[in-house]
Amino acid sequence: MATNENTSSVTMLIFSDIFHLDIGLRIFIGGQTINLLNIQSIGYIAGAIT
């Protein structure tokens, strides 16, 4: 099965968007954890997510 350049570009774009969304959500959750709880709780929250 041959892929053309457009298909490859769309695939890379989707992968990149998912990757950036993941990073953004992790930063948001970490920031909210520090704001609502305290810095000591961030390890527990990270463990619960993974």
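Placed above this text is the structure.
Residues numbered from 1 in each chain as written. Predicted model: local features only at pLDDT ≥ 70, side-chain atom pairs only at ≥ 80, totals over all residues. Heavy atoms only, no water.

This next bit is on the overall build of the protein chain. Within the protein chain, the secondary structure is distributed over two helices and zero strands. For a compact globule of 50 residues, the expected C-alpha radius of gyration is about 10 Å, and the protein chain comes in at 17 Å, more than 25% above that figure. Over its C-alpha atoms, taken along the principal directions, the protein chain stretches across nearly 50 × 15 × 10 Å. Considering the protein chain as a whole, with its 50 residues, one finds that 6% of them fall into the buried category. Of the roughly 4,500 Å² of accessible surface on the protein chain, 68% is carried by carbon and sulfur atoms. (Helix = DSSP H or I, 4+ residues; strand = E, 2+ residues; numbered from the N terminus. Rg over C-alpha atoms; globule rule 2.2 N^0.38 Å. Buried < 20%, exposed > 50% of the residue type's maximum accessible area, 1.4 Å probe, protein only. Areas by Shrake-Rupley, 256 points an atom, 1.4 Å probe, with all protein chains shown as cover.)

Our focus in this paragraph is the pattern of salt bridges. Counted by the stated rule, this structure contains one salt bridge. Asp22 is paired through a salt bridge with Arg26; the nearest N and O atoms lie 3.1 Å apart. Of the two residues, Asp22 and Arg26 are both situated in helix 1 (residues 5–36); the distance of four residues between them amounts to about one turn of the helix. (Salt bridge = Lys/Arg side-chain N within 4 Å of Asp/Glu carboxyl O.)

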